[in-house]
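Read off the chains here:
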Amino acid sequence: MSNDVLFEIKDLEVSYGSIAALKGISLEVRKGEIVTILGANGAGKTTTMRTISQLLKAKSGSIKFKGQELTQLPAHKIVKLGVSQSPEGRKVFGILTVEENLMLGAFVKTRMNKETLKWVYQLFPRLEERRKQLAGTLSGGEQQMLAIGRSLMSDPEMLLLDEPSLGLAPILVKAIFEQIKMIANKGLTVLLVEQNAKAALKLADRGYVLDVGKIALSGTSTELLASEKIQEAYLGKKS
Amino acid sequence: MDIFLQQLANGLTIGSIFALVALGYTMVYGVMKLINFAHGDMVAASAFVGLTIYTQVMGQATSLFAVIAIFFLAAAVMACVGIMLERLAYRPLREAPRLSAVVSALGASLMIQNGIMLIWGPQMRIFPELIPQVYWDINGVVISLIQVIILALSVTLMIALYLFVEKTRMGAAIRASAIDQDAARLMGINVNKVIALIFIIGSSLGAVGGLFIGLYYRGITFNMGWQYGLYAFIAAILGGIGNIPGAMLGGMMLGLFQAFIAGYVSSTWADAFTFILLILILIVRPTGLLGERVAEKV
Ligand SMILES: Nc1ncnc2c1ncn2[C@@H]1O[C@H](COP(=O)(O)OP(=O)(O)OP(=O)(O)O)[C@@H](O)[C@H]1O
Ligand SMILES: [Mg+2]
């Protein structure tokens, strides 16, 4: 793992009207890392992810990817730079087929990368079996696979995953985390938002804990796993 | 039998026009969840624009080239008006409550209607005879060249639109934007561009519809957009608003239905029966004939 910072958020503030959702957070992700953002419901994790993809506009602060400022760009330009997101709640295109969803994932490419499609189908064989099926008729787990697969189709350098384990059975959660590991092994940098702190920290190199719009804690996964605060708040252990 | 065939021909003609106009309503609704009430008036404006192009630009020529040029120029003018309409009346209200956009749409409708009246006057104008009055009498069923052209051109345009939306990259972008704009943005789709494109396509098809109205009915009035717009809007709802093949089907169906009512009952009853049809279909299928292919899982 090298030390070059690929992605950096500085003093980011985001509000919904008069409600401040992010009150000045800073974090960085180095090339090849898996970094996780943990936090309770309403902590601001999804807000962070949506602001990175410019679906929400920052009130102040900066978001830099490979030195380029993202906050001034329109949302559709972010993918092209190499930052792709699998959003919270999957947001697959329900009345389009699995294949059409994947093709839309490659929208910014002048030609779809056949190798990437092959890899996505390798990663999630279920998607290949169901490629002609409407995405809305897939099971929740399959939709999650599709959302992740779709976000890979643009050959991103950095992948944003917002709660990929949401609503999945424990066995599927394990499978999804293994697949994220495989994606990272391919050289992608991953920023992972999770409620499932233990599993996320086992997978990630480092983590940040968000608490009502502020970074409450950060460190390597080992440090965080050992931290009493984390144990209390997320791992269900009383100290 | 003669009446049946005659009304079939007439119904397909007006159905083609309804379908072309209905596509504008349905495509805008599909992506923006907005009823563009000004669309009918844009259709009316197109007929007047066509009239002016004929007299001022084409020097009243009716050669094949001149006729084609009139269609292209009128469509281009209306496409520009469509883009301006979106920029001025709808884009500033994208994030506003839906009711504001509806009010803006009604305002735009009135403005265009009054604009037509200011420019071309309140009296009925006669659309030029761009296409020769050729008729065929097939065993008592009279079909005109204009009818054949309207049907053939409409079907061609609709097939082209269908293929564009289903088979091309931009078409996929349109469908994705219609389903979920934020998800579309995450794919790198420029939704503003998609919306502009929708207005260009919808306004151009509506423009062709407006020229057809001029060619077929000859008399054009500044406020005729209200009536044709309403029929086309009903056609879009019949087919399932937001659904492109639905608008085509709904338009054809409504045209045939009105023609048969006119043929077998009376044309004065066409409106009443149109609304009865609308109510009946909405009772049986609240989302229209082709609306909502599947329920989306959350
Ligand atoms: N559209 C919105 N309008 C107003 N407030 C919002 C909106 N979206 C989020 N919020 C508020 O912003 C805060 C952060 O929300 P966010 O969705 O980022 O939380 P989260 O950490 O992703 O939570 P969860 O784990 O439940 O997904 C919450 O207090 C939420 O109520
Ligand atoms: Mg969230």
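Shown above is the structure to which this text applies.
Rules and cut-offs
Residues numbered from 1 in each chain as written. Chains lettered and ligands numbered in written order. Predicted model: local features only at pLDDT ≥ 70, side-chain atom pairs only at ≥ 80, totals over all residues. Heavy atoms only, no water. Donors = N, O, S within 2.8 Å, 3.2 Å for Na, K, Ca; no water. Helix = DSSP H or I, 4+ residues; strand = E, 2+ residues; numbered from the N terminus. Buried < 20%, exposed > 50% of the residue type's maximum accessible area, 1.4 Å probe, protein only. Contact = heavy atoms within 4.5 Å. Patch = residues over 30% accessible without salt bridge, like charges linked within 9 Å, V, L, I, M, F, W, Y side chains within 5 Å. Areas by Shrake-Rupley, 256 points an atom, 1.4 Å probe, with all protein chains shown as cover. Salt bridge = Lys/Arg side-chain N within 4 Å of Asp/Glu carboxyl O. Polar contact = N/O pair within 3.5 Å; in protein donor to acceptor, adjacent residues only side chain to side chain. Near = heavy atom within 4 Å. 1 Å grid on protein atoms, 1.4 Å probe; cavity = no way out; pocket = protein on both sides within 12 Å on 5 of 7 lines; lining within 4 Å. Points joined across faces, edges and corners; volume = space filled by probe spheres on them. Nonpolar A, V, L, I, M, F, W, Y, C, P; charged D, E, K, R; others polar. Pairing = 2+ DSSP bridges. Axes fitted to C-alpha atoms, helices over the stretch in contact; angles between N-to-C directions. Core = buried A, V, L, I, M, F, W, Y, C linked by side-chain atoms within 4.5 Å.

Draft legend 1. Here's a closer look at the coordination of the magnesium ion (ligand 2). All names here are of chain A. The coordination sphere of the magnesium ion (ligand 2) contains the protein donors Thr46 (OG1) and Glu88 (OE), at a distance range of 1.8 to 2.2 Å. Here the residue Thr46 occupies a position in helix H1 (residues 45-52), and Glu88 occupies one in the loop between strand S6 (83-86) and helix H3 (98-105), the gap between them amounting to 42 residues. Accessibility expressed as a relative area gives 30% for Glu88, which makes it partly exposed.

Draft legend 2. Structural view of the side chain of Ser144 of chain B. Residue and element names in this part refer to chain B. As for its placement among the helices and strands, Ser144 is situated in strand S3 (residues 141-144). The exposure class assigned to Ser144 is buried, which follows from its relative accessible area of 9%. Among residues more than four places away in sequence, those in contact with Ser144 are Val134, Tyr135 and Trp136.

Draft legend 3. Molecular detail of a nonpolar patch on the surface. Residues and elements named next belong to chain B. Together, Ile3, Phe4, Leu5, Tyr264, Val265 and Trp269 give the surface a local cluster of nonpolar side chains, amounting to about 580 Å² of exposed area. Per element, the largest residue contribution to the nonpolar patch is 3 residues, and it comes from helix H1 (residues 2-32). Here Trp269 lies in the loop between helix H10 (244-264) and helix H11 (270-284). The exposure class assigned to Trp269 is partly exposed, which follows from its relative accessible area of 49%.

Draft legend 4. Structural detail: the environment of Ile34 of chain A. Residues and elements named next belong to chain A. Tracing the backbone through its elements, the reader meets Ile34 in strand S3 (residues 34-39). Its relative accessible area of 4% is what places Ile34 among the buried residues. With near-sequence residues (within four places) excluded, Ile34 lies in contact with Ala184, Val190, Leu203, Ala204, Asp205 and Arg206.

Draft legend 5. Up close: the environment of Lys33 of chain B. All names here are of chain B. Locating Lys33 in the fold gives a position in the loop between H1 and helix H2 (39-57). A sequence separation of 181 residues divides Lys33 from Gly214, and the C-alpha atoms of the two residues are 30 Å apart. The residues contacting Lys33, other than those within four sequence positions of it, are Val28, Arg98 and Ala178. In terms of polar contacts, Lys33 uses its side chain to reach the backbone carbonyl oxygen of Ala178, at 3.4 Å.

Draft legend 6. A look at the site of ligand 1. All names here are of chain A. The immediate surroundings of ligand 1 are formed by 13 residues, with Lys45, Thr46, Thr47, Glu88 and Gln195 found nearest. The side chain of Glu88 places a nitrogen or oxygen atom 2.6 Å from an oxygen atom of ligand 1. When ligand 1 is considered free in solution it has 630 Å² of accessible area, and contact with the protein chains removes 61% of it. If one sorts the elements of the shell around ligand 1 by residue count, H1 sits on top with 3 residues.

Draft legend 7. Local environment of unusual backbone geometry. All names here are of chain A. Phi is positive for Arg90, which is not a glycine, with a value near 70 degrees. By the secondary structure assignment, Arg90 is in the loop between S6 and H3. What makes Arg90 buried here is its relative accessible area of 10%. Phi is positive for Asp155, close to 50 degrees, though the residue is something other than glycine. Note that Asp155 resides in the loop between helix H6 (140-152) and strand S7 (158-162).

Draft legend 8. View of the layout of surface pockets. Residue and element names in this part refer to chain B. One number sums up the size of the second largest pocket: a volume of about 660 Å³. Lining the second largest pocket are 29 residues; nearest its centre among them are Arg94, Glu95, Gln181, Asp182 and Arg185. Elements supplying a minimum of two residues to the lining of the second largest pocket: H1, helix H4 (98-120), helix H6 (169-179), helix H7 (181-186) and helix H8 (191-217). Residue composition of the lining of the second largest pocket, by class: 14 nonpolar, 7 polar and 8 charged.

Draft legend 9. Fine view of the sheet that holds strand S1 (residues 5-16) of chain A. Residue and element names in this part refer to chain A. With antiparallel pairing, the 4 strands of this open sheet are ordered in space as S2-S1-S4-S5. In this open sheet, the two edge strands, each paired with only one partner strand, are strand S2 (19-30) and strand S5 (68-69). Here strand S4 (residues 60-65) runs beside S5; their pairing, made up of 2 bridges, is antiparallel. Directly across from Phe65, in S5, lies its bridge partner Gln68. Contacts from H1 reach S1, S2 and S4, with the element oriented near 115 degrees to S1.

Draft legend 10. Representation of the nonpolar core. Leu104 of chain A together with Tyr90, Leu161 and Ile189 of chain B are the most contacted members of the largest nonpolar core, which totals 98 residues. Looking at this core, the element that brings in the most residues is H8 of chain B, giving 13 residues. Ignoring anything within four residues of it in the chain, the contact list for Leu161 of chain B reads Leu23, Met27, Ile201, Leu205, Ile244 and Met248 of chain B.

Bear in mind that shape data such as this cannot, by itself, settle questions of function.
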